[in-house]
Amino acid sequence: MGRGRLRIYLGAAPGVGKTYAMLSEAHRRVERGTDCVVAFVEHHRRARTEVMLHGLEQVPRKELEYRGTVFSEMDVDAVLARHPQVALVDELAHTNVPGSRNAKRWQDVEELLAAGIDVVSTVNIQHLESLGDVVESITGVRQRETVPDEVVRRADQIELVDMSPQALRRRMAHGNIYKSDKVDAALSNYFRPGNLTALRELALLWVADRVDEYLTEYRTDHRVSKIWGSRERIVVGLTGGPEGRTLIRRAARLAEKGAGGEVLAVYIARSDGLTSVSPKELAVQRTLVEDLGGTFHHVIGEDVSSALLDFARGVNATQIVLGVSRRKGWQYVFGPGVGATVARGSGPDLDVHLITHGEAGKGRGLPVARGARLGRSRIIWGWIVGVVGPVVLTLLLNTVDLGLANDMLLFLTVTVAAALLGGLYPALASAAFGSLLLNYYYTPPIHRLTIADPRNIVAIAIFFGVAVSVASVVDLAARRTHQAARLRAESEILSFLAGSVLRGENSLEGLLEVVRETFGMESVALLERESDVDPWTCAGSVGPNPCVRPENADVDMTVGDHMALALSGRVLPASDRRVLAAFAAQAVVVLDRQRLQHEADQAKELAEGNRIRTALLAAVSHDLRTPLAGIKAAVSSLRSDDVAWSEEDQAELLEGIEDGADRLDHLVGNLLDMSRLQTGTVAPLIREIDLDEVVPMALGGVPEDSVELDIPETLPMVVVDPGLLERVVANLVENAVKYSSEEAPVLVSASTLAARVELRVVDRGPGVPDEAKDRIFEPFQRYGDAPRGAGVGLGLAVARGFAEAMGGTLNAEDTPGGGLTMVLTLCSAPAQRPPTVSEFAATVVS
């Protein structure tokens, strides 16, 4: 009996229809005659889901008692005894009640599968173990019930049950997911549009990755080498030359023309580790392709054309983008070139684009990495062995006759030793000197530089050729080893630079400190000047006594016309200047970024200040004039002797004066608060306090029956400035009462969400469109046709400013059923652990 097959319905959030889809599949299988039972399905009292259970056989559940409460779980033994063809098991990530057969439901499912029973199950994307931290950062809720990713990945079929966030929220508002008393809280917390959109994206991306895995696995199992154009994958072949940027941009434009297009830039290096490219240019191209949404790949291959085609077929690419060859015309006598070779071997399923560029036909001209080949001591010993060794060997061989063949082998041994120690030139000297000694002492006629037997001429020539060949190989190997090690170090440094660009690191001093440590310098300074005649100024420096002029530095690297990187400490070899140039270019970029950010911040502050001043003048000219005019008219009337005012009339005029004064006081208070926020002089006095100590005090300015409070006593304390919080709540409640209907009081409720406390001010007024929700928090903004007497529109702006000053947030959301909800999010105080017995005893004693 084989293992059962697992099918999983994956959803982004509760309520998308996973269980409904699973039950629909069960009905289809039952109609086809499949033995299908319900091992465990939780309908959560959803009417439509509960109806789908009718007509399906259900295995009785097992009742378990835990802490005085009876729970029902899946009876694994009963399902195994029944042994159906297919079993429906809902909520794969569920944690079983203590005392159950297994701790997790997915372990129960593994038993069913091992018994040969096919299982259909459901799971939400937030329950995957690897996504726990991501989901918590999105929703603020840590999922305690998780299932290992490998369990889901091993499923034979995974089907995504998808629904848009708007449709899911409508389903929630209609009561199709939770009970009506939980709808508002759910819509305001976990089921926010942003949360649902992010979870939906996670689910779609996870399933898309699984589809790619299935496709790759299928192509591997069936040995499919032909390219399937499921989506456009464009491979860009890079040589490390400056034309690479043109090719990358061109490939990105090609990818944009097709849905889901992907760009893969590949640089193919020789297997010996040597390259003749500029690491700086390659790092720039890597950054460019990643900025455009593509990926960069470094591939080792001896034959560039074959390696490029193998890579393209391996990633199921549909197009290859190459640049027109940089070789000159006469160089084509050595072969057709990479572009022509790739085009000929691409076949009908892989398109090859040859892109013209400014470097075409100019020759390769790429810098070659140079460096010392061997150490100084090795070269000295090589010369000693190469020159002195043949002499010593000649003296020894004069005492014994070994024959010409053995003499040549011994001289060849000395030449090889000289090559191993000193490289090419000592070995060449040893070969030439040894040839002369062999000719003079051991080749007839002896003691003459002539050779009587032509065969001896061939032998000496072979000896000299072998010696030169061995010396060349040793010298080349030493040079390549040194170059490979050096280029590896350079690539690591340039990779760090590219990573800093992608991470958006803006610290100039930090980058200069890396330069100082990398090259072992005492100080590093970035110098600049306005023109060729202006003095140099220091834009940034690290280390003691930085240089003030490039001429005073041990090493200076010019960047552009009027900037230079000056280093003091030691003189760098020419081979290090290439990496130093990359650091210098990055330092200029960081400096420019800092200045642009500073200028942008200043421009924003100036624009905001101008806007505030303009609006303030408008407010003073209009909104202050109205209450002042009313007060003046009332006072003039009371002082008039022409009219005899009754006590009721006098009381009404005095009430008007008092109302106008209150409006002026409130208006001036908001203006002063706004000016404090604009000048940054708000200094909150943060401390821990309970919400129920502050919120009731903020309701003094509204009618008694206009607000309903719902603040649980179990809420944790919040870390705020009580005075600022009272002002925030007062402004929010006043605004809500102003626009809410008289029949429905404003609701002020509070709840916890992760390490935060949310205070909600809910009204049943006309609401605010989505495009205006952020605008209502701007100064001097009033919604709709609010009259001038309604204020200058600073209440919400002041409330948000004070909330942010305390480290909180203030946002507007739609009230389910109509209206507007202001959500004030505050930081909760850390939970205090209960004192231990020893701590409690110490407290009592003290």
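Residues numbered from 1 in each chain as written. Predicted model: local features only at pLDDT ≥ 70, side-chain atom pairs only at ≥ 80, totals over all residues. Heavy atoms only, no water.

## Let's talk about the overall build of the protein chain
Cut-off, in case you're wondering: Starting at the N terminus, helices and strands are each numbered in turn, a helix being any DSSP run of H or I of at least four residues and a strand any DSSP run of E of at least two. Note on classification: 1.4 Å probe, protein chains only; a residue is buried when its accessible area is under 20% of the maximum for its type, exposed when over 50%, partly exposed between these limits. By the convention used here, residues are in contact when the closest approach between their heavy atoms is within 4.5 Å. Surface accessibility follows the Shrake-Rupley procedure with a 1.4 Å probe radius. Residue values consider only the protein chains on display as shielding.
In terms of regular secondary structure, the protein chain is built from 25 helices and 24 strands. Taking all 846 residues of the protein chain together, 42% fall into the buried category. A fraction of 71% describes how many contacts in the protein chain between residues 6 or more apart in sequence connect residues 24 or more apart. Split by element, the accessible area of the protein chain, about 44600 Å² in all, is 55% carbon and sulfur.

## Notes on the confidence of the model for the protein chain
The line we're drawing: As a per-residue measure, pLDDT reflects the predictor's confidence and takes values from 0 up to 100.
Confidence in the prediction of the protein chain, expressed as mean pLDDT, is 78, and 79% of residues score 70 or more. Within the model, the stretch residues 363-372 combines pLDDT values under 50 with 20 contacts to residues more than four positions away or in other chains.

## What about the environment of Val16?
By secondary structure assignment, the location of Val16 is in the loop between strand 1 (6-11) and helix 1 (18-31). Once the C-alpha coordinates of Val16 and Arg171 are considered, the two residues, 155 residues apart in sequence, prove to be 8.9 Å apart.

## Some remarks on the packing of aromatic side chains
For clarity, the threshold we go by: Pairing of aromatic rings covers Phe, Tyr and the six-membered ring of Trp, with a centre-to-centre limit of 6.5 Å; geometry is then stacked below 30 degrees between planes, edge-to-face above 60, and tilted otherwise. In this analysis the charged atom, NZ for Lys or CZ for Arg, is taken to sit over a ring once it is within 6 Å of the ring centre and within 35 degrees of the ring normal.
Following the criterion strictly, the structure yields zero aromatic pairs and no others. Over the ring of Phe40 we find Arg105; its NZ or CZ atom is 3.9 Å from the centre of that ring. Taking NZ or CZ as reference, Arg800 lies 4.0 Å from the ring centre of Phe777, over its face.

## Details of the side chain of Arg29
Take Arg29: it is sitting in helix 1. On the accessibility criterion, Arg29 (14% relative accessible area) is buried. Discounting residues that sit within four places of it in the chain, Arg29 has contacts with Arg7, Thr34, Val86 and Val120.

## Here we look at the sheet that holds strand 3 (residues 57-58)
Condition: In this description, strands pair whenever DSSP reports at least two bridges between them. In this analysis, axes come from line fits to C-alpha atoms, helices being fitted only over the stretch in contact, and the angle between any two N-to-C directions falls in the range 0 to 180 degrees.
Strand order in the open sheet formed by six strands is 3-2-6-7-1-8, with parallel pairing between adjacent strands. A single partner strand is all that each edge strand has here, and the edge strands are strand 3 and strand 8 (157-161). Pairing of strand 1 with strand 8, which is carried by five bridges, proceeds in the parallel orientation. Bridge pairing in strand 8 links Tyr9 to Glu159. Against the sheet, helix 1 touches strand 1, strand 2 (36-40), strand 6 (86-89), strand 7 (118-124) and strand 8, its axis set at about 145° to strand 1. Sheet contacts for helix 4 (residues 105-114): strand 1, strand 2, strand 6 and strand 7; angle to strand 6, the most-contacted strand, approximately 180°.

## Re the pairing of strand 5 (residues 69-73)
In this structure, strand 4 (residues 62-66) lies alongside strand 5, joined through five bridges in antiparallel fashion. Counterpart to Lys62 in the pairing with strand 5 is Glu73. Linking strand 4 back to strand 5 in an antiparallel pair, the connection comprises two residues, with Arg67 at a positive phi of about 55°.

## Focus on the packing of helix 23 (residues 722-739) against helix 24 (residues 795-805)
Quick reminder of the rule: An angle below 35 degrees is treated as roughly parallel, one above 145 as roughly antiparallel, one from 65 to 115 as roughly perpendicular, and anything else as oblique. Crossing handedness follows the turn of the near helix against the far one: under a right angle anticlockwise gives a left-handed crossing, and clockwise gives a right-handed one. Note on residue categories: nonpolar means Ala, Val, Leu, Ile, Met, Phe, Trp, Tyr, Cys or Pro, charged means Asp, Glu, Lys or Arg, and polar means any other residue, Gly included.
Two numbers describe how helix 23 lies on helix 24: the axes approach to 9 Å, and their chain directions differ by 150°. The orientation of helix 23 with respect to helix 24, classified from their angle, is roughly antiparallel. Considering how the two elements wind past one another, helix 23 and helix 24 form a crossing that is left-handed. The residues of helix 24 that touch helix 23, namely those facing Leu724, Arg727, Val728, Asn731, Leu732 and Asn735, are Gly795, Leu796, Val798, Ala799, Phe802 and Ala803. The residue inventory of the contact of helix 23 with helix 24, partitioned by class, reads eight nonpolar, three polar and one charged.

## So, the pattern of salt bridges
Our working definition: What counts as a salt bridge is simple: a side-chain nitrogen of Lys or Arg found within 4 Å of a carboxyl oxygen of Asp or Glu.
If you walk through the whole model with that rule in mind, you get 24 salt bridges. Among the ionic pairs, Arg5 bridges to Asp156, the shortest N-O distance being 3.9 Å. Placement of the pair is Arg5 in the segment before strand 1 and Asp156 in the loop between helix 6 (149-153) and strand 8, with a sequence separation of 151 residues. Of the residues examined, Asp156 reaches a relative accessible area of 35% and is grouped as partly exposed. Ionic pairing is found between Glu528 and Arg595, a salt bridge with its closest N-O pair at 2.3 Å. Of this pair, Glu528 sits in strand 14 (residues 523-528) while Arg595 sits in helix 19 (residues 577-622), placing them 67 residues apart in sequence. By relative accessible area, which is 15% here, Glu528 ends up buried. A network of salt bridges, in which partner residues are shared, links Arg7, Glu25, Arg28, Arg29 and Glu159.

## Here we look at the environment of Leu527
For Leu527, the position within the fold is in strand 14. With 22 residues separating them along the chain, Leu527 and Arg549 place their C-alpha atoms 7.4 Å apart. If near-sequence neighbours (up to four positions away) are discounted, Leu527 is found in contact with Trp536, Thr537, Cys538, Cys547, Val548, Arg549, Pro550, His562, Met563, Ala564 and Ala566.

## A look at helix 24
For helix 24, the tally of buried residues reaches nine of 11 residues, placing the bulk of the element in the interior. Among all positions of helix 24, only Gly795, Leu796, Ala797, Val798, Ala799, Arg800, Gly801, Phe802 and Ala803 are buried.

## Considerations on unusual backbone geometry
If you check the backbone angles, His83 has positive phi at about 45° while not being a glycine. For His83, the position within the fold is in the loop between helix 3 (76-82) and strand 6. Even without being glycine, Asn545 reaches a positive phi, approximately 50°. Looking at the element boundaries, Asn545 is found in the loop between strand 15 (537-542) and strand 16 (555-559).

## Let's talk about the nonpolar core
Definition in use: Residues belong to one nonpolar core when they are buried, are Ala, Val, Leu, Ile, Met, Phe, Trp, Tyr or Cys, and are joined through side-chain atoms within 4.5 Å.
Within the largest apolar cluster, 63 residues are counted, with the highest numbers of intra-cluster contacts made by Leu88, Leu92, Leu112, Ile125 and Val147. Counting residues per element, this core draws most heavily on helix 9 (residues 193-221), at six residues. Excluding anything up to four places from it in sequence, Val147 contacts Leu92, Ala93, Trp106, Val123, His127, Leu128, Glu129 and Val152. By size, the runner-up hydrophobic cluster in this structure holds 41 residues, among which are Val720, Leu724, Met806 and Leu826.

## Considering a negative patch on the surface
We apply this condition: The residues that make up patches have over 30% relative accessible area and no salt bridge, and they are joined within 9 Å when like-charged or within 5 Å when they are Val, Leu, Ile, Met, Phe, Trp or Tyr. Charge counting follows a simple rule: Lys and Arg are positive, Asp and Glu are negative, and His as well as the terminal groups are ignored. Throughout, a charge is located at the NZ atom of Lys, the CZ atom of Arg, the CG atom of Asp or the CD atom of Glu.
Taken together, the side chains of Glu647, Glu648, Asp649, Glu652, Glu655, Glu658, Asp659, Asp662 and Asp665 present a region of like negative charge at the surface. With respect to the helices and strands, Glu648 occurs in helix 21 (residues 647-679).

## Thoughts on the side chain of Asn124
What counts, and what does not: Definition of a polar contact: a pair of N or O atoms within 3.5 Å, with one able to donate and the other able to accept a hydrogen when the atoms are protein atoms, and with sequence-neighbouring residues admitted only if both atoms are side-chain atoms.
If you trace the backbone, Asn124 turns up in strand 7. By relative accessible area, Asn124 is classed as buried at 7%. A polar side-chain atom of Asn124 sits 2.7 Å from a polar atom in the side chain of Lys18.

## With respect to the sheet that holds strand 19 (residues 707-710)
Judged by pairing direction, the sheet is mixed, and its five strands sit side by side in the order 19-21-22-24-23 without closing on themselves. At either end of the open sheet lies a strand with only one pairing partner, and these are strand 19 and strand 23 (809-814). With strand direction ignored, the average angle separating the axes of adjacent strands in the sheet is 20°. Bridge count between strand 22 (residues 756-762) and strand 24 (residues 820-827): seven bridges; the pairing is antiparallel. Paired with Leu759 across the bridge in strand 24 is Leu824. Across the sheet, helix 24 lies against strand 23 and strand 24, angled at about 130° from strand 23, the strand it touches most.

## Re a nonpolar patch on the surface
Nonpolar side chains collect at one region of the surface, where Ile379, Ile380, Trp381, Trp383, Ile384, Val387, Val388, Val392, Leu396, Leu421 and Tyr425 lie side by side and expose about 1000 Å² of accessible area between them. With nine residues, the top contributor of residues to the nonpolar patch is helix 14 (residues 376-397).

## Examining the packing of helix 15 (residues 404-422) against helix 16 (residues 424-442)
Interhelical geometry of helix 15 versus helix 16 gives an angle of 165° and a closest axis separation of 8 Å. Between helix 15 and helix 16, the angle is such that the two are roughly antiparallel. When you trace helix 15 past helix 16, the crossing you get is right-handed. Contacts from Leu404, Asp407, Met408, Phe411, Val414, Thr415, Ala418, Ala419 and Gly422 in helix 15 reach Leu424, Pro426, Ala427, Ser430, Ala431, Gly434, Leu437, Leu438 and Tyr442 in helix 16. Taken together, the residues that form the contact of helix 15 with helix 16 break down as 13 nonpolar, four polar and one charged.

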